Amino acid sequence: MKTRLALVIACSLVGLIAVGLVLNTGGMAATTSASPRLNPAALEPRELTAFMDGFMSSNLGRFHAPGASVVVVKEGAVVFEKGYGFADLGLQSSFTPNTRFRAKSVSKTFTATAVMQLEEGGQVALDAPVTSYLHGFTLPGGNEPPITLAELLTQTSGIGDRALGTMTSDRIAAADLRGYLQQRMPSRVAAPGTVFSYADHGISLAGLTVEEVSGLPFAQYMQDKILEPLGMSRSAFDPPLEGQSDLAVGYQFVSGSYRPAPVGYFYVAPAVSLVTTGADMGRFLIGMLGGAGDSLPILRPETVQLMEARHFALQPGGPGVAYGLYEWPEIGERVLVHGGLGHGFSNLLVLLPDRHAGFFVDTNSDEPKLRYALLCAFMDRFYPAQAATSKPIGDSDPGRFAGVYSDYRYQGRIEALKELFDQGTITARGDQTLSLSWAPGQWAEVEPLVFQNLDDPNQRIAFRTDASGQVIQAYGPHDDGYRKVPWYRTLAAYAAGTLVFVVLFMSVPMVWLVSGLRRRRRREITQHRWVKTVSGLGALVGLLNLGFLVGVPLELLPYAGLNGTQLDFGAPSSLVVLFAIPLVTAALAVMLAAVGILAWRAKTGTVLARTYFAVIIGAALLFPGFLSCWSLFGLIS
């Protein structure tokens, strides 16, 4: 679900706009089968060149990518590699196979490979608690129940995630992986092994295991044991980023133009820090598909097979997860992928183990659609589907799948808003199909709790129910895990609550002002001290809370819709101050309540006035609880 953080403005200011956004769904005309090609094109250089040149000329501009590089491998050899467009728009420098770029989350596949090397050497066991290899390391809330390395590699550890504060301009500080994780590891969001919850911090914990078991700094281990053996001479996990002329500029497409994305070093290096080239990625693809004569094997064939096997799925017929890779449910083919996105880059690693083939594509833009469009076009051209879609089986109660869904991932004040605005909706249609707001098409049940996209039969989403049969989880169609949320945890509920508080808090200073003007017109010199105190203190609380509700979205507006922002370096002081406001108003609300009780007992003012201020006092006392419900109460950490 693409981030809708820009909608914070609308929700906070007018509330009800967000309700319509939550209910937004899309659909497309349904079809009943794939369109098989009986004569697929050969995976050879001439065909690949014609295909890639045509695809890039049509789609670079369409998907807002200044440049790209693609490498394709087959049977242990590179059969195609080429760059397109510009690595630096200012210098008009070409994007080539040797242009370096940030691989982002594709780094996670490398980290998983390192863990598999340790497993292969008997240095770790995948089913052992990860903390057994991290002496003295304590997870938030304690180390029980234990989290295993296998769960970290399948993103089922239940560890939460955050983006705020994960970057620094200090390359040396970013290398302190243990220090950062011990201080900043997010708390758990679910029991281990029960849900898919994509997390940079989880895979970074696996990277810390590599570091401590091997006795080498993480970046050094990756250099010595994976990058150098594969001949990836232009790749590294901790390279300097300043003044590097061969490093592509990452761009974000904002308001119709490109702007450079923020550049810095990541504390969660095992998750996102690899800098590489298209040519080097071809060597990694070959290594993951059995290797070649000019490079050292990084894993034994049986270990590669174990890594690429399915280790988690909500349902047998739904999409699954390998170690550091995700299944792309292509009809007739087993396709494993891992994407990277953010801070001006978008890329995709693709493996077809049974075909001993694969490709990698990178663009220097964080617009994500090109990579998956290329995957679909590539498969249709070179490995087209040869089977019709599964026949729908129907469901006795398709309405049970309908509702609002949210991911498990984010924690922290700002991330809580991101997760809230990333909610999506599943709608049950009258023909027993489903519509997903975050993916086009109609979805029909083809196996129990597994739905297939009728417009694109290669796309599936699986569900899980609790003991009573209530739907509680979903996974797919890519690498997305969701939980079904009750009505009171939806964006609509947040919007309605925000609107109520905005109206109430806005009314207090207005009533205070109008009352003062009326007294002046009537030349009333004195006012009962309790009434004066209640109205004045109430106006202060109302104005401060309004400042919070309006100020936070205004502060976040410049970062809205960007995949990676300056916020990753930490919150600006203005946001820190804004999030301190509810702490102040909570204390003032207690004082306001005490004064309000005295005013009520003194029977000052009219009954209507006393009732109004009782409502305002109640709202001031309830406001911290409302914010706590959405993880928005407290200082930014």
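Preceding this section is the structure that the text describes.
Numbers given to residues run from 1 along each chain, matching the order in which its sequence is written. Per-residue local features of the predicted model are confined to residues with pLDDT of at least 70, and side-chain atom pairs are confined, for both listing and counting, to 80 or more; whole-chain, interface and lining totals are unaffected and use all residues. Excluding hydrogens and water, the side-chain values take into account all heavy atoms of the structure.

> Just give me the short version of the pairing of strand S16 (residues 403-406), but keep the residues and values in it.
In the case of a regular strand, side chains alternate between the two sheet surfaces. Judged from the three bridges that link them, S16 and strand S17 (residues 424-428) form a sheet pairing that is antiparallel. Note on S17: the bridge partner recorded for Val 404 is Thr 425. Here, strands pair whenever DSSP counts at least two bridges between them. Under the DSSP-based scheme used, a helix requires at least four consecutive residues in state H or I and a strand at least two consecutive residues in state E, with every element numbered from the N terminus. Pairing between S16 and strand S23 (residues 481-485): three bridges, direction antiparallel. When the bridges of S23 are listed, Tyr 405 appears paired with Lys 484.

> So what about the sheet that holds strand S19 (residues 439-447)? Which residues, and what values?
The strand order around the closed barrel formed by eight strands is S16-S17-S18-S19-S20-S21-S22-S23, and the pairing between neighbours is antiparallel. Each neighbouring strand pair of the sheet contributes to a mean axis angle of 30 degrees, computed without reference to strand direction. Alignment of strand S22 (residues 471-475) against S23, held across three bridges, turns out to be antiparallel. Bridged to Tyr 475 within S23 is Gly 481. For helices, the fitted axis covers only the stretch in contact; all axes are lines through C-alpha atoms, and the angles between them, taken along N-to-C directions, range from 0 to 180 degrees.

> Please set out the side chain of Glu 330 residue by residue, giving values where relevant.
Its place among the elements puts Glu 330 in the loop between strand S12 (326-328) and strand S13 (335-342). Accessible area is worked out with a 1.4 Å probe on protein chains only. A residue is then buried under 20% of its type maximum, exposed over 50%, and partly exposed in between. Positive: Lys, Arg. Negative: Asp, Glu. His and the chain ends are not part of the count. Any carboxyl oxygen of Asp or Glu that lies within 4 Å of a side-chain nitrogen of Lys or Arg is treated as forming a salt bridge with it. Buried within the structure, Glu 330 lacks any salt-bridge partner; its nearest side chain of opposite charge belongs to Arg 355, at an N-O separation of 9.7 Å. Whenever two N or O atoms come within 3.5 Å, that pair is a polar contact, provided that in protein one can donate a hydrogen and the other can accept it, and provided that, for residues adjacent in sequence, both atoms are side-chain atoms. Among the polar contacts made by the side chain of Glu 330, one reaches the side chain of Asn 458 at a distance of 3.2 Å. In what follows, residue pairs with any heavy atoms lying within 4.5 Å of each other are defined as contacts. In this structure Glu 330 touches Val 335, Met 379, Tyr 383 and Asn 458, once residues within four positions along its chain are discounted.

> Got a sec to walk through the pattern of salt bridges? Specific residues and values, please.
Following the criterion strictly, the structure yields 16 salt bridges and no others. Linking Arg 409 and Asp 161 is a salt bridge whose minimum nitrogen-to-oxygen distance equals 2.8 Å. Placement of the pair is Arg 409 in the loop between S16 and helix H14 (413-421) and Asp 161 in the loop between helix H5 (149-153) and strand S5 (167-168), with a sequence separation of 248 residues. For the pair Arg 409 and Asp 161, a shared accessibility class is recorded, and that class is buried. The structure contains a network of salt bridges with shared partners spanning Lys 108, Asp 161, Asp 200 and Arg 409.

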